[in-house]
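Structural characterization, general
For reference, the chains in residue letters:
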Amino acid sequence: MSGAALGLEIVFVFFLALFLLHRYGDFKKQHRLVIVGTLLAWYLCFLIVFILPLDVSTTIYNRCKHAAANSSPPEGSNMTGLYATATPVPSQHPCFKPWSYIPDGIMPIFWRVVYWTSQFLTWILLPFMQSYARSGGFSITGKIKTALIENAIYYGTYLLIFGAFLIYVAVNPHLHLEWNQLQTIGIAAANTWGLFLLVLLLGYGLVEIPRSYWNGAKRGYLLMKTYFKAAKLMTEKADAEETLEDVMEEVRKVNESIKYNHPLRKCVDTILKKCPIEYQEKMGRNMDDYEDFDEKHNTYPSEKSLVKLHKQVIYSVQRHRRTQVQWQILLEQAFYLEDVAKNETSATCQFVHTFQSPEPENRFIQYFYNPTVEWYWECLLRPWFYRVLAVVLSIFSVIVVWSECTFFSTRPVLSLFAVFIQLAEKTYNYIYIEIACFLSIFFLSICVYSTVFRIRVFNYYYLASHHQTDAYSLLFSGMLFCRLTPPLCLNFLGLTHMDSSISHQNTQPTAYTSIMGSMKVLSFIADGFYIYYPMLVVILCIATYFSLGTRCLNLLGFQQFMGDNDMTSDLVDEGKELIRREKRKRQRQEEGENRRREWKERYGHSREDSTRNRNVHIDPKESNFSEMSTNRSTSKYTRANNRTERDRIELLQDAEPLDFNAETFTEDPLESESGRFYHETQMLL
């Protein structure tokens, strides 16, 4: 099994990162370099989290082996005969290889490759790819030029700081820094920046994750929050539609002004390809290709303005498509939660859905997750499961907060993570060590990474599921992961006292801490910032518990879900009305489809037979003449007829009103619909 565990985890983590990226990104529409860059960043960060427990168990075995090799029998003792077999050295140091042991020399090389690749991605490549992805240039050269200009200040700031530091070292005769020390200073600077952001995200996640599960067990809480999201999303959806209309109007003006033989026509065609299909058809009908651009002395837009317009088109189309998809997903979620609320009082113990799922379910799932099982899970078991899970996660959060405040104490050992690992180290229970390390670092990672997935910086950074995340947000998330994961792992090693700079013991360090170098070069960071700054997590947890950040955002005008707020109640009522309207609309659509299906089944065959008999008695000459006249008229008025036919189809499809009047809405809509259907049938008969 030597090295087999490492290989299995490498493969497993790759597919895990690929699955998450497929959920948030769009492999078909987004650029391949964006997908590859984001996948590599996520993969390396997840890999560090999964491989670090193997490094801990291997280090504990190496320490045991080193202690056994250094132990020697008393001087002058006879090591032959019965004494040699009675008290062997392995009995004092029961060192045996763990099942996941990694041979010497592999882990240092592995960590160097992973760490420096992630740092190259987060500080150099991904920022450049962000600017490249958001650029509105029409060529690769133009996009690269724009990306270099946007990142000039970003890169120049770091070069200026690093250059000033080198000049200070060169001028000061008391400082003699070698390459390894400069490397350590660079690593310490990156980890300090990451630790600063890590504690902020960790303080939010330690409280919000257990609280979200506890609130999810409350009856009606998720439904009220869904109503609140529906009201906010409808506002965002309307704003996205309005923005798209304004941008498309600008594109229409540009399309009409720049004709087919204009030098910038290729740029306009590129912009049109990014527009929705319905707008492309409208602009194509109004295009006159027989008018030269130089016949009229008009003012034409410059290439720079077209680049800006191209960027606006990409952003507005992406935002409009994302809000449309999110609205449909939110509707399905609201309908399902309303079904759960209705089925809680059901006496049949059968879960009944208002609307059938549009996608056919798997037969295997239908067999095991039948309506009875679904009712017991949704109405009885799930709330209790969420409560138990919330209690367990709260206990983990308390352990993390206590350990963050006491991990610097080595005598006595107060950090609970260090206590658990040291107890297992005495018995060399490698399975327990790896499980404890994995659960600990996995919980820390969930608290940090889930916050990265939840936060939203206006419309610039937002990770939306169901393939609706734009390229800029994907790359930005990769940057955050690469900057947060190394300090997260160092913080975990400090909590378990596996970092020699924390434990102050002359023991063999882990392979991960060995590549970080000795922090003695920057003692004020190693003995100050790394020790005392994580204590700030206590204040952040208290602030998150009392929702201070949410209240501040509410005061600034950013509506947040709060149960004791009038604005929240108004938005919940508004969202409830929106969901009710969409539900009635869908019910009318289903009723209309059922009526059409019933009409076709009842009168479709007789109508086809009568049409077939009537066509048999038509004169051939008359049919030929009608065909010729039809073809002539069609060729002459194709565009007008198509438009008229399209309008007629739209009117037929949109026969039901978009809104309704509560005063005229009857108590039983099925009765009125059935009566109207009966009168129509009698008239036809």
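Going by the annotation in an unreviewed UniProt entry, the name recorded for the protein chain is G-protein coupled receptor-associated protein LMBRD2 isoform X3, with Odocoileus virginianus given as the source organism. Its UniProt record gives the protein chain a comment under Sequence similarities (unreviewed entry), which states: "Belongs to the LIMR family."

1. Considering the overall build of the protein chain
If you tally the helices and strands in the protein chain, you get 26 helices and two strands. Expressed as a percentage of its 685 residues, the buried residues of the protein chain come to 38%. Across the protein chain, every contact between residues at least 6 apart in sequence was considered, and the portion connecting residues at least 24 apart equals 79%. In the structure as shown, the protein chain presents an accessible area of about 40,800 Å², 61% of it carried by carbon and sulfur atoms.

2. Notes on the pattern of salt bridges
Tallying each qualifying case throughout the model produces 13 salt bridges. Across the salt bridge formed by D269 and R265, the nearest N and O atoms sit 3.1 Å from each other. Pair noted here: D269 and R265 are both in helix 10 (residues 265-274), with a separation of four residues, about one helical turn. Among the residues examined, D269 registers a relative accessible area of 31% and is labelled partly exposed. Residue K583 pairs with E338 through a salt bridge whose shortest N-O separation is 3.3 Å. With K583 in helix 23 (residues 566-616) and E338 in helix 12 (residues 303-343), this pair connects stretches of sequence that are 245 residues apart. E338 shares its class with K583; the two are buried.

3. Regarding the packing of aromatic side chains
Tallied over the entire structure, the rule returns 33 aromatic pairs. Seen in terms of ring centroids, F335 and F355 are 5.2 Å apart; in terms of plane orientation they differ by 50°. Their pairing is tilted. Placement of the pair is F335 in helix 12 and F355 in the loop between helix 12 and helix 13 (363-368), with a sequence separation of 20 residues. For F335, a relative accessible area of 3% translates into the label buried. The buried category is assigned to F355, whose relative accessible area is 10%. Judged by centre distance (5.9 Å) and plane angle (50°), the ring pair of W377 and F385 falls under tilted. Exposure remark for F385: the relative accessible area of 45% places this residue in the partly exposed category. Here a set of aromatic residues connected by ring pairs shows up, and it is made of Y24, W42, F46, Y449, F453 and F481. One Lys or Arg, R586, reaches over the ring of F355 and ends 5.5 Å from the middle of that ring.

4. Considering the nonpolar core
Core analysis: the largest hydrophobic core is formed by 95 residues, its most contacted members being W42, W111, L206 and Y512. Setting aside its immediate chain neighbours within four residues, Y512 contacts I48, L52, D55, W111, T485, P486, C489, L490 and L493. With 18 residues, the next largest nonpolar core counts V247, M248, V251 and I271 among its residues.

5. Details of the packing of helix 5 (residues 106-134) against helix 17 (residues 471-495)
Two numbers describe a pair of packed helices, the interaxial angle and the distance between the axes. Axis separation between helix 5 and helix 17 bottoms out at 9 Å; the angle between their running directions is 160°. One finds that helix 5 runs roughly antiparallel with respect to helix 17. In terms of crossing hand, the pair formed by helix 5 and helix 17 is left-handed. When helix 5 is examined against helix 17, the residues Y115, S118, Q119, T122, W123, L126, P127, M129, Q130, A133 and R134 are found in contact with a partner set consisting of A471, Y472, L475, F476, G478, M479, C482, R483 and P486. Split into classes, the residues belonging to the contact of helix 5 with helix 17 amount to 13 nonpolar, five polar and two charged.

6. Considerations on the confidence of the model for the protein chain
Averaged over all residues, the pLDDT of the protein chain is 80; the fraction at 70 or higher stands at 78%. Mean pLDDT across the elements of the protein chain ranges from a minimum in helix 3 (residues 82-86), with 36, to a maximum in helix 21 (residues 537-545), with 94. Below pLDDT 50 for its whole length, residues 618-685 participates in 27 contacts with residues either more than four positions away or in separate chains.

7. Examining the side chain of S131
Tracing the backbone shows S131 in helix 5. Residue classification places S131 among the buried residues on the basis of a relative accessible area of 9%. Among the polar contacts listed, one links the side chain of S131 to the side chain of E150, at a separation of 3.1 Å.

8. Examining a nonpolar patch on the surface
The grouping of F364, I365, Y367, F368, Y369, V373, Y376, W377, L380, L381 and F385 at the surface amounts to a nonpolar patch, some 1,100 Å² of accessible area in total. For the nonpolar patch, the secondary-structure elements that each account for two or more residues are helix 13 and helix 14 (371-406). By residue number, the principal contributor to the nonpolar patch is helix 14, which donates six residues. In this structure, I365 sits in helix 13. Judged by its relative accessible area of 44%, I365 falls in the partly exposed class.

9. Here's the deal with helix 21
Listing the buried residues of helix 21 in full gives V537, C541 and T544. On an axial view of helix 21, the arc spanned by its buried residues comes to 65°, and they lie on one face. Residues of helix 21 that are buried sit in contact with helix 8 (179-216) and helix 14. With its phi angle positive at about 55°, S547 sits one or two positions after the end of helix 21.

10. Structural notes on the packing of helix 2 (residues 32-70) against helix 5
Closest axis-to-axis distance for the helix 2/helix 5 pair is 10 Å, and the angle between their directions is 150°. Considered as vectors, helix 2 and helix 5 are oriented roughly antiparallel to each other. Classified by chirality, the crossing of helix 5 by helix 2 is left-handed. Residue-level contacts link L33, V34, G37, L40, A41, L44, L47, I48, I51, L52 and D55 of helix 2 to M107, F110, W111, V114, T117, S118, L121, L126, M129 and A133 of helix 5. A per-class count over the contact of helix 2 with helix 5 returns 17 nonpolar, three polar and one charged.

11. Observations concerning a negative patch on the surface
On the surface, a cluster of negative charge is contributed by E242, E245, D246 and E250. Along the polypeptide, E242 turns up in helix 9 (residues 221-257).

12. A short note on unusual backbone geometry
A cis geometry characterises the amide bond from R411 onward to P412, with omega recorded as 0°. Of note in this structure, H466 is not a glycine but carries a positive phi near 60°. Inspection of the secondary structure puts H466 in the loop between strand 2 (461-462) and helix 17. We classify H466 as partly exposed; its relative accessible area is 36%. Of note, H467 is a non-glycine position whose phi angle comes to about 65°, a positive value. Here H467 lies in the loop between strand 2 and helix 17. Judged by relative accessible area, H467 falls into the partly exposed class, the value being 32%.

The rules behind these values
- Residues numbered from 1 in each chain as written.
- Predicted model: local features only at pLDDT ≥ 70, side-chain atom pairs only at ≥ 80, totals over all residues.
- Heavy atoms only, no water.
- UniProt positions renumbered as here; feature names shortened; annotations may be inferred.
- Helix = DSSP H or I, 4+ residues; strand = E, 2+ residues; numbered from the N terminus.
- Buried < 20%, exposed > 50% of the residue type's maximum accessible area, 1.4 Å probe, protein only.
- Contact = heavy atoms within 4.5 Å.
- Areas by Shrake-Rupley, 256 points an atom, 1.4 Å probe, with all protein chains shown as cover.
- Salt bridge = Lys/Arg side-chain N within 4 Å of Asp/Glu carboxyl O.
- Phe/Tyr/Trp six-rings, centres within 6.5 Å; stacked < 30°, edge-to-face > 60°.
- Lys NZ or Arg CZ within 6 Å of the ring centre and 35° of its normal.
- Core = buried A, V, L, I, M, F, W, Y, C linked by side-chain atoms within 4.5 Å.
- Axes fitted to C-alpha atoms, helices over the stretch in contact; angles between N-to-C directions.
- Parallel < 35°, antiparallel > 145°, perpendicular 65-115°, else oblique.
- Left-handed = near helix turned anticlockwise from the far one by under 90°.
- Nonpolar A, V, L, I, M, F, W, Y, C, P; charged D, E, K, R; others polar.
- pLDDT = per-residue confidence, 0-100.
- Polar contact = N/O pair within 3.5 Å; in protein donor to acceptor, adjacent residues only side chain to side chain.
- Patch = residues over 30% accessible without salt bridge, like charges linked within 9 Å, V, L, I, M, F, W, Y side chains within 5 Å.
- Arc of directions from axis to C-beta.
- Lys, Arg positive; Asp, Glu negative; His and termini not counted.
- Charge placed at Lys NZ, Arg CZ, Asp CG, Glu CD.

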